[in-house]
Amino acid sequence: MLSIAPISYRNILAQNGGPIDRLTSCKVDWQGKPEYQVNAFLREEFRRKKPMGTVYSDADGTGTHATQLVASHIAISESLERWAFRLCRKESKYGFDVDPTSNGMAAFPGIFARQSRTFALAEAKERFCLMAWWMGHYRAEVIRTGNEHAVRLRAPGGGYVAILTRSGVNFRAYGTGGGRSWTLALARARLEMVRNQRQVQRFLERHPGFDFSQVSSLPSFRDKRVLHYALDGQAEFWEKLKHSVTFEGPDMLPKKVFDDEIKGPWSRYARVWRVCYEPPNPDHMNPEKMYLFA
């Protein structure tokens, strides 16, 4: 897909009047090869008011790619999506009264607005299928390779959703991804799984002796979910998987609430699109509930 990020993002930094305060970059290992991970941070007035958890970075956008420039563009796009979400999340016309999260949102620096819809639709399908699967209303296929398990869900209207999990030395990592092809969905899930593995490992290294009994004391419910299933909550994941493999359907179908561009000051740099489905599980953002997918 054609990107015009070098043009759209040329004045994106705050020093040039743009919304991005700073970019940070580091090299990470990606399946034995070095890649760049770039974090983007919005200007203070555009950032979230509440602090994020401690497992993942508090960056507004993160991008990983073999090329530092492309990783930067991905991180910037994700931060613009977050900016749009924070500014519009109290407006019901975008579906936030039905799903108050950024599910199904995507920003892309393309010539045509509907280019970003491709990414938004893939994410909307991914989140819907994952929630429906977690509730026991979606059939799954399991593909095992070594110490990895890939769970394949067939998305409504075409495409796939992948859940990828890998056993580590003292915890389990997970990643999810969606796409028009199984190869694309699996690649996106692997990227998220490797990031999950890296961040959980760093958290455990920073907190030696941390164990399952301490999870409930964490201030962030997202951190609780991530570490619960990484540590002693793994059996719950396998129980869900066992049920979905034998599920005889029919698979739950989504109900679309919103499908259009969200315009705002970010439109100067990228097109933001949202595809919003009615969540199959209204409690997925309830901090008292424990779901694998935060």
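Everything numeric here is computed off the predicted structure, so don't read it as measured data.

## Some points on the overall build of the chain
Thinking step 1. Regarding its fold elements, the chain presents 6 helices and 10 strands.
Thinking step 2. In terms of overall dimensions, the chain has a C-alpha envelope of 50 × 45 × 35 Å along the principal axes.
Thinking step 3. Burial statistics for the chain: of 294 residues in total, 51% are counted as buried.
Thinking step 4. Residue pairs at least 24 apart in sequence account for 58% of intrachain contacts in the chain once pairs closer than 6 positions are excluded.

## Quick word on the pattern of salt bridges
Thinking step 1. Taken as a whole and assessed by the stated rule, the structure comprises 16 salt bridges.
Thinking step 2. Residue Arg-274 pairs with Asp-99 through a salt bridge whose shortest N-O separation is 4.0 Å. Of this pair, Arg-274 sits in strand β10 (residues 271–277) while Asp-99 sits in the loop between α2 (68–88) and β4 (105–108), and the two are 175 residues apart along the sequence. For the pair formed by Arg-274 and Asp-99, the shared burial category is buried.
Thinking step 3. Linked through salt bridges whose partners overlap, the residues forming this network are Arg-47, Asp-60 and Arg-86.

## Overview of the nonpolar core
One recurring pattern in soluble globular proteins: nonpolar side chains tend to sit buried together.
Thinking step 1. Ranked by internal contacts, the top residues of the largest apolar core, which has 28 residues, are Trp-133, Leu-153 and Ile-163.
Thinking step 2. Counting residues per element, the ones that place at least two in this core are α3 (114–134), β6 (148–154), β7 (160–167), α6 (234–246) and β10.
Thinking step 3. Counting residues in hydrophobic clusters, the runner-up holds 23 residues, among them Tyr-9, Ile-20, Cys-88 and Phe-96.

## Let's talk about helix α5 (residues 221–230)
Think of an α-helix as 3.6 residues a turn; residues three or four steps apart then line up on the same face.
Thinking step 1. Among the 10 residues that make up α5, 8 are buried, leaving the element largely enclosed by the rest of the structure.
Thinking step 2. Taken together, the buried positions of α5 are occupied by Phe-221, Asp-223, Arg-225, Val-226, Leu-227, His-228, Tyr-229 and Ala-230.
Thinking step 3. Each element contacted by the buried residues of α5 is listed here: α3, β8 (172–179), α4 (182–206) and α6.
Thinking step 4. Of the residues that open α5, the one with a side-chain oxygen 3.3 Å from the backbone nitrogen of Arg-222 is Ser-220.

Cut-off values and rules
Residues numbered from 1 in each chain as written. Predicted model: local features only at pLDDT ≥ 70, side-chain atom pairs only at ≥ 80, totals over all residues. Heavy atoms only, no water. Helix = DSSP H or I, 4+ residues; strand = E, 2+ residues; numbered from the N terminus. Buried < 20%, exposed > 50% of the residue type's maximum accessible area, 1.4 Å probe, protein only. Contact = heavy atoms within 4.5 Å. Salt bridge = Lys/Arg side-chain N within 4 Å of Asp/Glu carboxyl O. Core = buried A, V, L, I, M, F, W, Y, C linked by side-chain atoms within 4.5 Å. Polar contact = N/O pair within 3.5 Å; in protein donor to acceptor, adjacent residues only side chain to side chain.

In short, shape yes, function no, at least from these values alone.
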